[in-house]
Structures are given as structure tokens and as C-alpha cells.
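Fold and contact review
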Amino acid sequence: YHGLKFDAAGVCVEAPGLASIPPKARGRCYPIALKNRWVFVWMGDPARADTALLPDNFSCDSPEWKNIPGYLHYDTPYLLICDNLLDFSHLSYVHEKTLGGSTRIAQAVPEISKVAGPTPDWPQIGIRVARRVHDVPSPPFYNRFRSFDTNLDRWFVYDFLLPGTLLMHSGGRPVADAADDLSRAVQLHSCQTLTPETTTSTHYFFQQSHRVGAGDEGVAQSIYASLEQAFNEDRDMITAQHRNIGHNPAAPMLPLAMDAALVQFRRLLESRLALERARMAAA
């Protein structure tokens, strides 16, 4: 607006028409890191920024995987989107005609474990969820790769990491094929991450990669179109949920058995927030 110029440390180094620049004319800067086309910002104490904590979003920039990146804006709190991503039973209902294709997904009991952190200061950085669904029809989504004349064994195995990133291996193979035979399987890797914009709005970045050489040249665009359709289904549902919660924000939520992963993640997040608050109070 006034032609001010700042350096990378946030210090104002040029102010047209001023003989001297006030020392207070500076902005706060934050450590950033670029990894596989994602830019990460560290909002806390700069001395504690650690690139070892960054998620391994390898398929965003790998010669072995292909994808088209996507973005959606939500007018909802980011934690409601986290809840959605931590419970894939909703695929059977919200995405029946897109990513889901079978009520058996909701019936499959997920295996839930902890994702260990890289340092003693971060003993845990996320929740791992594995959902395996046996002998189910191929979802419409898979028809973009090939036609299947048999049911599939499907899998969804992902890490959901602090503060809100999903890294997932998923796919499906014909039921007659051995577990280690991927010759006829659909193999996918997805990277999705959430950036809170305000307390009630969120930036949502996503991509789903497929193996280079799988399918024709239009597969990446087809996958993107399917994801966009499905994630708009999610957004409609989560926005309606947020609207309903707004009618009585004080009403307690009732977690059910299928909510185990999201309950564990919220507890992990709250424990890290409590630790950060204690450190700030001590400082």
C-alpha cells in the first residue's frame, strides 16, 4: 500500500520518502519448509521447528506416481473434517455411488494404532487406521482403471498426523488373487491436509495418485473428477452437521464405537495443546 519492502526476517528495509525506518516497522516471520510441492509453516517457537515432523507426502512429487492436485474451501471448523477423514465407514453412505459402493465398508472393523514420533519430545504424532474389506463389488470409481468381472478385496491404510494430514495407501485386488499379487490390483496413494483459516473455516488440499502406467492418459483427470464429486458430498454433509451443532453448541457429542480413531486423535491433539500451553506459561 505504501511501497514498503521487507526482507525474509520481516524487517522493513525500504520505506519511500522516509529518511529512517522505525524499528517497529516489521512483521513476524515464521519458519517454512518446502517438501514435495507442499509448503509447510511452523507457527510456534521458531527454535522448536523440526523438519523431521513433516509428513511424508512422497506421491505429491514422485516420478512413479501421477496425480492432479485439488483444493476446496470449507465454512466449517477443521476438526469436523478431521472427524470425517478418521472414520471411513461414511464411504458406504455419503459416497455410495462414487468412492464407496458397498455397505460392507461400514461393517468392517478398523485396526487402530499409534504413529510413533521421531523424537522423545514427540513420542506420538498421529493415529494409524487400517480398514480391510473382503469380497465386495468394485466401486464405480475403479472402472476408470479397468473392468472387473469379480468381487474385490479392498484396503484403506492411512496415517492421520498432527495437526491434520492424511497419508493413505488404498486399493483393491480380485478376491482370487494372493495378498502379495498386485498384478491386477488398483493401487492408490492419497495426500490430504487441512489448514484452519478461522475457527469456522478451513482450507482443504488433496490429491490421489495412481501408479504411472496404470490405465490410460485420462486416468488422472478421471480420478480428480471423482474426488471432487465425492469431497463435495463430504462438504455438504459436514456443513449440514456444523449448522446443526450451531443450534446448540453446548450439547455434548456422543461418540460411538466406530468413532474410536477420531476420539483418540482428538485426545492426542488436546495433549499436545496442553503441553504447549504449559510451556508458554512457564516461559
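All values derive from a computational prediction rather than experimental measurement.

Scanning all chains against the criterion turns up eleven aromatic pairs. Each ring, one from Y204 and one from F231, has its centre 5.5 Å from the other, and the planes form 40°; the classification is tilted. Linking Y204 in strand β12 (residues 201–211) with F231 in helix α3 (residues 219–247), this pair joins segments that are 27 residues apart in sequence. Across the pair, F231 and Y204 agree in class, each one buried. Relative to Y224, the ring of F206 lies with its centre 6.2 Å away and its plane at 15°, an arrangement referred to as stacked. Taken together, the residues F206 in strand β12 and Y224 in helix α3 connect sequence positions 18 residues apart. The pair F206 / Y224 is uniform in exposure class, with both members buried. Ring pairing ties together the aromatic residues Y74, Y204, F206, Y224 and F231, which thus form one cluster. It is R272 that lies over the ring of W122; its NZ or CZ is 3.6 Å from the centre.

A separate point is the pairing of strand β11 (residues 186–198). Side-chain positions along a regular strand alternate between the two faces of the sheet. By the bridge criterion, eight bridges tie strand β10 (residues 165–174) to β11 in an arrangement that is antiparallel. If you follow T165 over to β11, its bridge partner there is T193. Strand direction decides the pairing type here: β11 and β12, joined by ten bridges, are antiparallel. Along β12, the bridge assignment pairs C191 with Q207. Counting the residues in the hairpin turn of β11 and β12 gives two residues.

Attention now goes to the nonpolar core. With 54 residues, the main nonpolar core has F160 and Y204 as its most contacted residues. Of the residues forming this core, the biggest block, seven residues, is contributed by α3. When residues no more than four places from it in sequence are discounted, the contact partners of Y204 are G70, Y71, L72, Y74, L85, Q192, T193, L194 and F231.

So, about the packing of helix α1 (residues 78–86) against α3. Contact geometry of α1 with α3 gives a least axis separation of 10 Å together with a crossing angle of 125°. The pairing of α1 with α3 is recorded here as oblique in orientation. When you trace α1 past α3, the crossing you get is right-handed. In this structure, α1 uses L80, I81 and N84 to contact α3, whose residues at the interface are D234, I238, Q241, H242 and I245. Across the contact of α1 with α3, the residue classes tally to four nonpolar, three polar and one charged.

Here we come to unusual backbone geometry. Of note, the bond from L162 into P163 is cis; its omega dihedral lies within 30 degrees of zero at -5°. In this structure, P163 sits in the loop between β9 (152–161) and β10. Positive phi, close to 55°, is recorded for D135, a residue that is not glycine. Residue D135 is classed as partly exposed on the basis of its relative accessible area of 40%.

Criteria and thresholds
- Residues numbered from 1 in each chain as written.
- Predicted model: local features only at pLDDT ≥ 70, side-chain atom pairs only at ≥ 80, totals over all residues.
- Heavy atoms only, no water.
- Phe/Tyr/Trp six-rings, centres within 6.5 Å; stacked < 30°, edge-to-face > 60°.
- Helix = DSSP H or I, 4+ residues; strand = E, 2+ residues; numbered from the N terminus.
- Buried < 20%, exposed > 50% of the residue type's maximum accessible area, 1.4 Å probe, protein only.
- Lys NZ or Arg CZ within 6 Å of the ring centre and 35° of its normal.
- Pairing = 2+ DSSP bridges.
- Core = buried A, V, L, I, M, F, W, Y, C linked by side-chain atoms within 4.5 Å.
- Contact = heavy atoms within 4.5 Å.
- Axes fitted to C-alpha atoms, helices over the stretch in contact; angles between N-to-C directions.
- Parallel < 35°, antiparallel > 145°, perpendicular 65-115°, else oblique.
- Left-handed = near helix turned anticlockwise from the far one by under 90°.
- Nonpolar A, V, L, I, M, F, W, Y, C, P; charged D, E, K, R; others polar.

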